[in-house]
Amino acid sequence: GRSLPTKNEEGSKSVIVKKSNDGLRGGASTSISHPYVTNWNYNYKLPYWATKDVSLLAPNVPKDKQICFVHVGKTAGSTIGCEIGFHLHCDKDRQIAPGLLPKYTTHMFHTNIYDCEDNSAYFLFVVRNPLERIKSAFNYDKPDDWDNFRLNMGEKYYNYRKQLYMDCPFETLEDLAQLGLKQGGNATDECKERAATSLLGTGHYSCHFYYNYQFHLEGIPETARLMTIRTEHIIEDWNSVEVELGGKKEIMGSPTKKELSRKNANTKTTDSDKFLSEESQVLICKLLCNDIQVYKEILRRSINLDERNYAQSMEDLRESCPLEADTIKCDTELPNIHQKLVASRGYGQPEVVSPYEQHWQGKYYLPSKMKKDYTIYLSKVDKNEVCFVDAGMNDLIGCALGFKLSCPNESVVPGLLPQHTTRRFHCGVYDCFDDSSYYLFVLRNPLDRLISSFNYDRPTDWEEYKKKEGERQYNFRKMLYKDCPFDTIDDLAQLGLTRNGNVTDECRQRALGAVEGTVQTSKQLYYNLQYYLEGIPVDASIITLRVEHALEDWNSAETTIGGKGNILSDQTLIAIEGVNTTVSEASRAILCEKLCNEIQVYKTILSVSVNLSKKQVKESIEELTESCPLEARATSCNAPITDITEKLYLGRGYDASQVLVAVESNAVKVGRATQAAPPSPYELIWPTYTLPQYMKKDRQYVVDVPQDKKICFTHIGKTAGSTVGCALGFNLHCSGNAHAPGLFPKYTTNMLHCQMYDCWDDSAYSLFVVRNPLERLISAFNYDNPSKDWSKFRREYGEKHYNLRKHLYKDCPFNTLNQLAQLGLSKHGNATEECRGRAARAVEGTEHFGDHVSVFALT
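These numbers were taken from a predicted model, which means no experiment stands behind them. (Residues numbered from 1 in each chain as written. Predicted model: local features only at pLDDT ≥ 70, side-chain atom pairs only at ≥ 80, totals over all residues. Heavy atoms only, no water.)

Student: Could you clarify how one ought to interpret the state of the cysteines in this entry?
Tutor: A disulfide bridge is the covalent bond that connects two cysteines by way of their sulfur atoms. Tallied over the full model, the rule gives 11 disulfides. The disulfide that involves Cys 168 links it to Cys 191, with 2.0 Å between the sulfurs. The chirality of the disulfide connecting Cys 168 with Cys 191 is left-handed, given an S-S dihedral of about -90°. Pair noted here: Cys 168 is in the loop between α5 (146–166) and α6 (173–181) and Cys 191 is in helix α7 (residues 189–200), with a separation of 23 residues, a long-range link. (Disulfide = S-S within 2.5 Å. Helix = DSSP H or I, 4+ residues; strand = E, 2+ residues; numbered from the N terminus.)

Student: Which parts of the structure should I look at to understand a nonpolar patch on the surface?
Tutor: On the surface, a cluster of nonpolar side chains totalling about 430 Å² of accessible area is made up of Ile 685, Trp 686, Tyr 689 and Tyr 757. Relative to the elements of secondary structure, Trp 686 occurs in the loop between α33 (681–685) and β13 (711–715). (Patch = residues over 30% accessible without salt bridge, like charges linked within 9 Å, V, L, I, M, F, W, Y side chains within 5 Å. Areas by Shrake-Rupley, 256 points an atom, 1.4 Å probe, with all protein chains shown as cover. Salt bridge = Lys/Arg side-chain N within 4 Å of Asp/Glu carboxyl O.)

Student: Even after reading the chapter, I still don't get the pairing of strand β10 (residues 542–546), so can you show me in this structure?
Tutor: Consecutive side chains along a regular strand alternate between the two faces of the sheet. Within β10, five of the five residues are buried, which leaves the element mostly enclosed by the surrounding structure. Relative to β10, strand β9 (residues 438–443) is paired through five bridges, and the arrangement is parallel. Bridge pairing links Leu 443 to Arg 546 in β10. (Buried < 20%, exposed > 50% of the residue type's maximum accessible area, 1.4 Å probe, protein only. Pairing = 2+ DSSP bridges.)

Student: What am I meant to see in the sheet that holds strand β4 (residues 122–127) here?
Tutor: Strand pairs in the sheet, formed through backbone hydrogen bonds, run parallel or antiparallel to each other. Spatial strand order, β3-β2-β1-β4-β5: five strands in an open sheet with mixed pairing. Where the open sheet ends on each side, the last strands, each with one partner, are β3 (113–114) and β5 (226–230). In the sheet, strand β1 (residues 67–71) pairs with strand β2 (residues 105–110) via four bridges, with the strands oriented parallel. What sits directly across from Val 70, in β2, is Phe 109. Packing against the sheet, helix α10 (residues 234–244) makes contact with β4 and β5, and its axis sits at approximately 155° to β5. (Contact = heavy atoms within 4.5 Å. Axes fitted to C-alpha atoms, helices over the stretch in contact; angles between N-to-C directions.)

Student: Looking at this structure, how should I read the pattern of salt bridges?
Tutor: Close approach of charged atoms lets side chains of opposite charge pair. By the definition in use, this model includes 36 salt bridges. The partner of Arg 161 in a salt bridge is Asp 141, with the nearest N and O atoms 3.6 Å apart. A residue pair is termed long-range when its members are at least 10 positions apart, and Arg 161 in helix α5 and Asp 141 in helix α4 (residues 130–141) qualify at 20 residues. Take Arg 161 and Asp 141: they sit in the same class, and that class is buried. Between Lys 329 and Glu 333 there is a salt bridge whose closest N-O contact spans 3.9 Å. Comparing Lys 329 with Glu 333, the two get one shared label, exposed. Several salt bridges converge on common partners, so that one network encompasses Arg 230, Glu 236, Asp 237 and Arg 308.

Student: I would appreciate a short explanation of the side chain of Asp 457 in the present structure.
Tutor: Here Asp 457 is to be found in helix α20 (residues 446–457). According to the relative accessible area criterion, Asp 457 is buried, its value standing at 4%. A polar contact is formed between the side chain of Asp 457 and the backbone nitrogen of Gln 524, at a distance of 2.8 Å. The residues contacting Asp 457, other than those within four sequence positions of it, are Arg 477, Tyr 481, Ser 522, Lys 523, Gln 524 and Leu 525. (Polar contact = N/O pair within 3.5 Å; in protein donor to acceptor, adjacent residues only side chain to side chain.)

Student: I keep staring at the nonpolar core and nothing clicks. Help me out?
Tutor: Side chains that are nonpolar tend, in soluble globular proteins, to be buried together. Phe 441, Ile 536 and Leu 591 are the most contacted members of the largest nonpolar core, which totals 63 residues. No other element matches the five residues that helix α29 (residues 596–608) contributes to this core. Apart from residues no more than four positions distant in its own chain, Phe 441 is found in contact with Val 389, Tyr 532, Leu 533, Ile 536, Ile 542, Ile 543, Thr 544, Leu 545 and Ile 605. (Core = buried A, V, L, I, M, F, W, Y, C linked by side-chain atoms within 4.5 Å.)

Student: How should the packing of aromatic side chains be read in this particular structure?
Tutor: Note on aromatic pairs: each is described by the distance of the centres and the angle between the planes. Taken as a whole and assessed by the stated rule, the structure comprises 26 aromatic pairs. Considering the side-chain rings of Trp 146 and Phe 149, the 6.5 Å spacing of their centres and the 70° angle between planes classify their relative orientation as edge-to-face. Of the two residues, Trp 146 and Phe 149 both sit in helix α5, three residues apart, roughly one turn of that helix. Since its relative accessible area comes to 18%, Trp 146 is described here as buried. (Phe/Tyr/Trp six-rings, centres within 6.5 Å; stacked < 30°, edge-to-face > 60°.)

What follows is the structure, encoded as structure tokens:
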């Protein structure tokens, strides 16, 4: 499996397991796989505290013994977690408990970290009297030092806590009850709402309130087998769990022993913090009613607890919440936490939306270096959101903003800018929300940028580069750096850009194209300032950090988005590493002349930057005159500015329903306007429907086709139509650059697939992709069968398609096509008459049970 670095590598290393004291033996043990990482598509790293040393596990833990530790917050879960080997908040010299429990407990589920195998044999809960848990949680989650909390936990969690503990008058839980829950309490309506929803677990203000018993119970599989350790009876319950696993009786000692050494206890809580009046107790218990019922269900379902244990806990509960202990129905319904589970527990669906991945719809995936750790940084901001326009070689700035680059340290830079900069635009990856409030450019003298880019993109080890970056990127670089005699930027200028340079015409074109950004031989040169400026939305608000004045501009950017002035004083956090930009005077003049249009773009960006004053803009242009004096003072250039429409379609990417509006010749524009593409045949037939993205072609393949050449692609499901469609340029389930050469992709303009007829009736040809009908039926039946995960199918495709599939695959005994034939189509099949009819109609294609198996057959 794929491994990820953690904050402490010890938690993910493979080790050799030695002979254990209780006779369990094993050879080499593999490293623990982490479902949390794969559930979130590698967007997040598993926290170190949720891991354990592999050496503490039994070798190759049997599936029928594997345990997931469900650590509900403030129930002594850290105490027990440390004893069974998780890192948590444990003493370095901690002792691991004896017996089988530490050896069979492989993974953990705590708050929004679900790192368990769904098919674990047992789910081990640690529970506590719900009222006592809430008392402890309120005091634990209240920060003692707000500035330190903000610095360490980031803006996202700071704002969660602030809304309850700082913006509302709730110093103690007693305050929350008397001011926020009691009728006539003098908190604002908003604070009363927060008080109630925090206890219900529907408002996220306090981590341990929000992730309550309901969340943890609904977060595990429905058929899970539960075992439970009650905080009030730790030793007794631990012993019963051990026996259930086949271990020794009284492994932890006599049941009369009740305590373990407590971990992660809140030692700063005072008596006044803990005080709760009887009236307040009643108010809180009433709101906790549903979570109390969940607590009771956990106890009832626990196979290591008997009726005596349950009665014992109910007797304890009656002392604090008597009405709720005895009732089976509360005044309010159990909250619907579907969205909370999807967003926090994770079901293989990434929580964070990537505009880039949304646009390319599975064709490309966002590289890791374009992401941030959204457990630390905000993933979306309602106000003053910033897109980082990374025009190349700004890794330190990117690190300071929180992106996963090659960062010298992982410290969180203070202020709003790292939190509000949620997305990044770099080279051919535009991952920004078009409604971002600001676009943050990092600029440097264009000549220095050119020289630095040329040197940065030249491989020093060609074989290693080819191995790492692949054939395509290797060939791009080879055209400029290997096939032409351009070892230095001086060579490129003197040999490739002057009339007397003794290189081939092809190398001359490559030299000029590299400098102007019209030929892709160097990634940093090709994606130039013009590309980035035209690639952002029209008239977007721009913030600029000038490399030469990075600290000054960072602070002004912080102020622009509503932060404090002079937030940053340490230049080293954002300093750009010095690079060699030496070039001869003769070459300098040549390069500046060819860079003239790029310099005008640079000046435009400076002039429209909302965080720079006129004085600062003038200062940077004066600095530019030292290297390119003519171009710095010019307002136009000898050569017209390049039309990069095709480059933007290919690199930046636009919605297939939009086309770029042509710009005035020789005009520098902030962003390119788009307009709706002409309606497709499908949209003309069905004006209220929009053609799905997968039915459209990549914009660069949309060309004017002669009527006598136009082709309609008839894509019959499960005939390798997606493979052919990708080669033709349609946005199907494509991976990488799958487009075929020649006229075929250009002349195939539209598609018919399932119920989507998007072809012109006067097309010259209809292109079918066909397959042996029986083979197609077999493939279609299996493809349309959601039996592997019905819940996931229902979430993703909705009730309508769920019911269509359900009629054939779930309500009838047809798990395989063989069963459909034997039970549903043969004379002696024992399926019901209704199911026999469905089987026949599915094969004939006369009733809709699945898009590929039934209605949309060859007819």
